[in-house]
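The primary structure of each chain is shown beneath.
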Amino acid sequence: MIDLTDAGVVDFHAHMSLQIGVGELIRRDVTAQLNLFHGTPGTSYRWDDLEPAPDYERGMAQWAHPLNSQYRMLIRYVAGALGCEPDVVEIDETLSATMEQGFSMYLESVLDRERIDLVVLDLLGELRDGAAGFPDDRYVWIYGITPLLSPLAVIESGITSLDDAIRWVDESIDSAVAQGCVGFKNLMGYYRALDVSRPTADEAASGLRQVAATPPADVKESFLYGRVGIYDEAAGRAARAYEDFVIRHIVARAGDLGLLQLIHTGAQYSPNQNLHAADPARLFSLFSDPASNGTTFVMLHAGAPYHENAAYMAWQFPNVYVDLSHTMRIPGRLNSILSTILSIAPAHKVLYGSDSYASAEWLGYSAHRMRKHLALVLSDLSADLEWTEAEAEQAGRMVLGDNARAILPGVAR
Ligand SMILES: [Zn+2]
């Protein structure tokens, strides 16, 4: 059995931690899972303005059920770390007393507890300020570009030509780059399929004109992806041509700037999402385009439940990586997901991430779980892969941190 207890961790995908306890985390998590398509675009990723979810009681009964292991295991982990009973009220009293002594200090103590050297914070459209309070030398950050894809957003700001629209997109990107972001995150999988067509500039320009001439039947609005118009079939195709053109423009810019392009793939455990639309195999349309070869892509969340497809994509394309964040939300599947991915994808293409948000305890819990499961799975796999114990351990250290250090721009190896 290999030992990864002292491996330094880079958490490749997480969101900002807030000064809240575990009870509040669970309430917000259930609300968010049910209601992610709400909230005000452009406002901060604070979850404070999430509207109450219409089916909150049933959501709570499902996700916070005592037999549902995702919160139960988190609660037990935190209780163990704090030395108190696995009781949310008792945990939160201890946590709030600790946080009051200094929030940054508290965050640092959680990172130190699990030897997390660095966290890649996805600030979901916020600029660097969104990470205020996080220990300065322990994070790099990702800029959320999804709100920039919507043709409605440019039309509503009075833009009518494709050139001006691209300038508007570039201005946002430039300010994020000037503030030191290390990559861009695309979460189109939340509201559309991951296939990206290859429209010409003329097709995109005429798409934008056609959308401008067609008022949407409805508008979906979220702080995560801005304002998305719902159109009839013809205007929908036109909107798609524009959007796909912008996606490819941003992907090419990421490559030119030496930054990473992250893409949400797989389930988000929410009634909002069409699971099939988020199969990472659909990204073939983007990855197979020679113009994308200069960009390094990371498929977030292992594409689960299509993790086998994600693993094969990472195996197929030298510039495509797979991140493991969010997979620990279904702890009963974690070993099997890790085993599938690590037996297919090259070991240097797999990145540990947590997808934790709101509570730093989630950062700690995820690293703690992943360290254990990786050691177990790699020990089992080493015979099939003809790895020595030392090689299996090396693979574990790569997944936990070394692979992320190798691809993150500006991060020392
Ligand atoms: Zn995330």
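A brief look at the structure comes next. (Residues numbered from 1 in each chain as written. Predicted model: local features only at pLDDT ≥ 70, side-chain atom pairs only at ≥ 80, totals over all residues.)

Details of the overall build of the protein chain
No. 1: When helices and strands are tallied, the protein chain shows 14 helices and 10 strands.
No. 2: At 21 Å, the protein chain has a C-alpha radius of gyration in line with the 22 Å of a compact globule built from 413 residues.
No. 3: Considered along the principal axes of its C-alpha atoms, the protein chain spans approximately 60 × 50 × 40 Å.
No. 4: Across the 413 residues of the protein chain, 46% fall into the buried class.
No. 5: Restricting the contact set of the protein chain to residue pairs at least 6 apart, pairs at least 24 apart contribute 75%. (Helix = DSSP H or I, 4+ residues; strand = E, 2+ residues; numbered from the N terminus. Rg over C-alpha atoms; globule rule 2.2 N^0.38 Å. Buried ≥ 20, exposed ≤ 12 C-beta atoms within 10 Å, placed from the backbone. Contact = placed C-beta atoms within 7 Å.)

Thoughts on the pairing of strand β2 (residues 116–122)
No. 1: Across the 7 residues of β2, 6 count as buried, placing the element largely inside the fold.
No. 2: Inspection of the sheet shows strand β1 (residues 9–14) paired to β2 by 4 bridges, in the parallel sense. Bridged to Asp11 within β2 is Val119.
No. 3: Bridge count for β2 against strand β3 (residues 139–144) is 4 bridges, and the pairing is parallel. When the sheet's bridge partners are listed, Asp122 is paired in β3 with Ile142. (Pairing = 2+ DSSP bridges.)

Thoughts on the environment of Ser382
No. 1: Turning to its location among the elements, Ser382 is positioned in helix α13 (residues 360–385).
No. 2: On the neighbour-count criterion, Ser382 (18 C-beta atoms within 10 Å) is partly exposed.
No. 3: Put simply, Ser382 and Val182 are 200 residues apart on the chain and 34 Å apart in space, counted from C-alpha to C-alpha.
No. 4: Ser382 has contacts with Trp387, Glu389 and Ala392, leaving out every residue within four places of it along the chain.

Regarding the pairing of strand β6 (residues 226–230)
The side chains of a regular strand alternate, residue by residue, between the two faces of the sheet.
No. 1: Pairing geometry for strand β5 (residues 218–222) and β6, over 5 bridges, is antiparallel. Each residue of the ladder has a partner; that of Glu221, found in β6, is Arg227.
No. 2: Between the end of β5 and the start of β6, which pair antiparallel, lie 3 residues.

Describing the nonpolar core
No. 1: Counting residues in hydrophobic clusters, the biggest one holds 126 residues, and the most contacted among them are Leu121, Ile142 and Val322.
No. 2: Examining the composition of this core, we find that 11 residues originate from one element, helix α9 (residues 233–257), more than from any other.
No. 3: Not counting residues within four places of it along the chain, the set of residues in contact with Ile142 comprises Val120, Leu121, Asp122, Leu123, Cys181, Val182, Gly183, Phe184, Lys185 and Leu262. (Core = buried A, V, L, I, M, F, W, Y, C linked by C-beta atoms within 7 Å.)

Details of the sheet that holds strand β9 (residues 320–323)
No. 1: Strand order across the open sheet formed by 8 strands is β1-β2-β3-β4-β7-β8-β9-β10, with parallel pairing between neighbours. Of all the strands in the sheet, the pair left with one neighbour each is β1 and β10 (350–351).
No. 2: Across 5 bridges, strand β7 (residues 260–264) lies against strand β8 (residues 296–300) in parallel orientation. Bridge assignment links Leu260 to a residue of β8, and that residue is Thr296.

Looking at the packing of helix α5 (residues 103–113) against α13
No. 1: As a packed pair, α5 and α13 sit with axes 9 Å apart at the nearest point and diverge in direction by 5 degrees. Taken together, the axis directions place α5 and α13 in an arrangement best described as roughly parallel. Of α13, the residues touching α5 (which contributes Tyr106, Leu107, Val110 and Arg113) are Ala360, Glu361, Leu363 and Gly364. (Axes fitted to C-alpha atoms, helices over the stretch in contact; angles between N-to-C directions. Parallel < 35°, antiparallel > 145°, perpendicular 65-115°, else oblique.)

Digging into the packing of helix α11 (residues 307–316) against helix α12 (residues 331–344)
In a pair of packed helices, the angle between the axes and the distance between the axes together describe the arrangement.
No. 1: One way to put it is that α11 packs onto α12 with a least axis distance of 8 Å and a crossing angle of 20 degrees. Overall, the two elements α11 and α12 adopt an arrangement that is roughly parallel. As for the relative orientation of α11 and α12, their crossing is right-handed in sense. Residues His307, Glu308, Ala311, Tyr312 and Trp315 of α11 pack against Ile337, Thr340, Ile341 and Ile344 of α12. (Left-handed = near helix turned anticlockwise from the far one by under 90°.)

Section: unusual backbone geometry
One can expect most non-glycine residues to show negative phi and most peptide bonds to be in trans.
No. 1: Backbone torsion omega between Ala304 and Pro305 reads 10 degrees, so that peptide bond is classified as cis.
No. 2: A positive phi angle is found at Arg115, which is not glycine, with a value near 50 degrees.
No. 3: Relative to the elements of secondary structure, Arg115 occurs in the loop between α5 and β2.
No. 4: Classification of Arg115 as partly exposed rests on a count of 15 C-beta atoms within 10 Å.
No. 5: Phi is positive for His326, which is not a glycine, with a value near 80 degrees.
No. 6: Turning to its location among the elements, His326 is positioned in the loop between β9 and α12.

Some remarks on α9
No. 1: Compared with an ideal rise of 1.5 Å per residue, which puts 25 residues at 36 Å, α9 spans 36 Å between its outermost C-alpha atoms and is within 8% of the ideal.
No. 2: Once α9 ends, the next one or two residues include Gly258, with phi positive near 70 degrees. (Expected span 1.5 Å × (residues − 1).)

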